[in-house]
Amino acid sequence: MEKRDYADFRKWGEALHCSPFLARLLRNRVTTIEEAKAFLYASPEDLGDAHLIRDMDKAVGLITRTVREDSGKIAVAADYDCDGIFSGQILKEGLERLGASVKLYTPNRVKEGYGLNEEIVDKAAAWGARLILTCDNGITAIDEIAYARKKGLLTVVTDHHEPIRKTAPDGTEEIILPEADAVVDAKRPDSVYPFREMCGAGVAFRLIELLYEEFRISRSELQNFYEYVGIATIADVVPLRGDNRILAKAGLEALRNTAKVPLNALIEASGIRKDRINAYHVSFILSPAFNAIGRLGDASHAFRFLSMTDPEDAGKMAEDIRTLNEARKAMTEDSFREAVFQVEEDGLLRDPVLVLRLDSTHQSIIGLIAGRLKEKYSRPVIVFTKTEEGLLKGSGRSIDAYDLISAIRALGPLVQEAGGHKKAAGLEIREEDFEAFREELNRRSGLTEEDLVPVIWFDGQVGLSYWNTRTARELDLLEPCGEGNPKPLFALGNVHVSSPMILGKNANVLKVRLEDRENAIRNGFIFHDPEIFFEEIRAAHGEKAEELFRTRRGEVLSAFVYYPELREYRGEQELQIVVKHCKIR
């Protein structure tokens, strides 16, 4: 479906110092020229006023007194994923700069599960902490916060997840917050901060910003955290608009010039060209490496890695992390194939919400499986696996039309524990409740067939002749792209497709020759199983398929949605057309 927003694109281009073509793409993303200027040129100085985040000033006051008047010992309770790791590292380095003594604690993903727990509280108290500070978790830790207060600890929650909501018999909604000394979360319904979608590291960064202000530390020192908050913002798949776009852009620029030894080691081990790092590298290479530590290992190793100063030691650990991530990818691929077989063999596609069990799958990767199934089948998915305690632990991913966490919490007694937000959630249920959970969730889903039809948005119909090195590079101004700011896509019909060549060590890339109606010729690349493409050709053209396709100017026509990409080849930048969706005619 084409985005159609009309404006005087020449006027926009003059105001924004860009081409009318880019102005049109911007108009598909924002409403006014002023919004477009902020989209293109806003910097960290343009972030919203952090004092407006509910309880932020309370948190600053409590931490300040702890550092200046009390023991100065602060326990930071972080999550084990990429956002939690970098939230914790921001707080550790920032608080130590104030003079605090800091210890980081993370739960073991498999043995303890998500978030703050009593064991962390006990360890913090035994160490002599005066204050316990959560990051990327805590908003639902009602009992754990109460336990910490009983132990005599001051408690500050910083989080970005949805608080617990309960519906009373009269239909009114009650918001339940932990009884902490400060609860800093822009998703609180009483929050007046204009932007609600920061990740955990974004909230931690804003807290350190105000603490530096309180301690009269130069604002320029906040740049030390740009890489951390940028990686976390992109990794946590929050909308890359507003404050998040500012932080992600600043983070990518800092990464391209980083002097941080561990990050340089991981960039080198991953084979990334440092000066060309973009959101893709963070989303699919760097952040999965950090996530793998928390998924398959112990997140404390990530903090040890981020504290390294010796390049040789950091290089060795970066290789270990890369190897661990490769193991995670192999496990994920095996489990994904098993999940697809189960969905299709057991007829689960009759349900609008896919709910399945993969009891042999490691708990740490069920969320990845759910995400891939959601993309493949265009419907909400929850994947469960069995725990040592006999419960089923689940992870879900959802589509825009379905509020996953609200749907899960509405099942009440069938759910032992749940947390998350509209698009992603984690939960536990009893094994004997699995079938009842699946049936009731689907009975109440309210999803229609239209909700489950994937909509492919594109920015316009653009011929192949338009693209060259200059026009493709102009699209970089829209980066970073991701959730809330999708990569610009373009459509084209009646394109001759020929000269196939299978590439890649896993034979999963198809290179083809594309020629449009204006006789413009470009190399096209299809990054999925080539056999699927061949099957579509056979379905359209029968026995003649192979012959037609392999001729230089065959009869195989395709309509497709694509984006142009510049790739480095032997020191030169080469234009290629990446085909995202296609229909053979």
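What this report covers is the structure whose coordinates are included nearby.

### As for the packing of aromatic side chains
Logical step 1: Summed over the entire model, instances satisfying the criterion amount to 16 aromatic pairs.
Logical step 2: Their ring planes at 85° and their centres at 4.9 Å tell us that Tyr466 and Trp467 sit as a pair that is edge-to-face.
Logical step 3: Of the residues examined, Tyr466 reaches a relative accessible area of 28% and is grouped as partly exposed.
Logical step 4: Joined through ring pairs, the aromatic side chains of Phe21, Tyr466, Trp467, Phe490, Phe560 and Tyr562 make up one cluster.
Logical step 5: Taking NZ or CZ as reference, Arg357 lies 5.7 Å from the ring centre of Phe434, over its face.
Logical step 6: In this structure, Lys487 packs its charged tip against the face of Tyr563, placed 4.9 Å from the ring centre.

### A closer look at the sheet that holds strand E10 (residues 391-397)
Logical step 1: With mixed pairing, the five strands of this open sheet are ordered in space as E8-E9-E10-E12-E11. The two strands at the open ends of the sheet, each matched to only one other strand, are strand E8 (354-357) and strand E11 (417-420). When the angles between neighbouring strand axes are averaged without regard to direction, this sheet yields 15°.
Logical step 2: As paired strands, E10 and strand E12 (residues 424-430) are joined by seven bridges and run antiparallel to one another.

### Some points on helix H17 (residues 434-443)
Logical step 1: Taken together, the buried positions of H17 are Phe434, Phe437, Arg438, Glu440, Leu441 and Asn442.
Logical step 2: Among the structural elements, E8, strand E9 (381-386), E10, helix H16 (404-409) and E12 are those in contact with the buried residues of H17.

### Considerations on the pattern of salt bridges
Logical step 1: Applying the stated criterion across every chain yields a total of 42 salt bridges.
Logical step 2: Among the salt bridges present, the one from Glu253 reaches Arg256, with a minimum N-O distance of 3.3 Å. One end of the pair, Glu253, and the other, Arg256, are both in helix H10 (residues 242-256), three residues apart, so they sit about a helical turn from each other.
Logical step 3: Residue Glu253 is classed as partly exposed on the basis of its relative accessible area of 43%.

Cut-offs and rules
Residues numbered from 1 in each chain as written. Predicted model: local features only at pLDDT ≥ 70, side-chain atom pairs only at ≥ 80, totals over all residues. Heavy atoms only, no water. Phe/Tyr/Trp six-rings, centres within 6.5 Å; stacked < 30°, edge-to-face > 60°. Buried < 20%, exposed > 50% of the residue type's maximum accessible area, 1.4 Å probe, protein only. Lys NZ or Arg CZ within 6 Å of the ring centre and 35° of its normal. Pairing = 2+ DSSP bridges. Helix = DSSP H or I, 4+ residues; strand = E, 2+ residues; numbered from the N terminus. Axes fitted to C-alpha atoms, helices over the stretch in contact; angles between N-to-C directions. Contact = heavy atoms within 4.5 Å. Salt bridge = Lys/Arg side-chain N within 4 Å of Asp/Glu carboxyl O.

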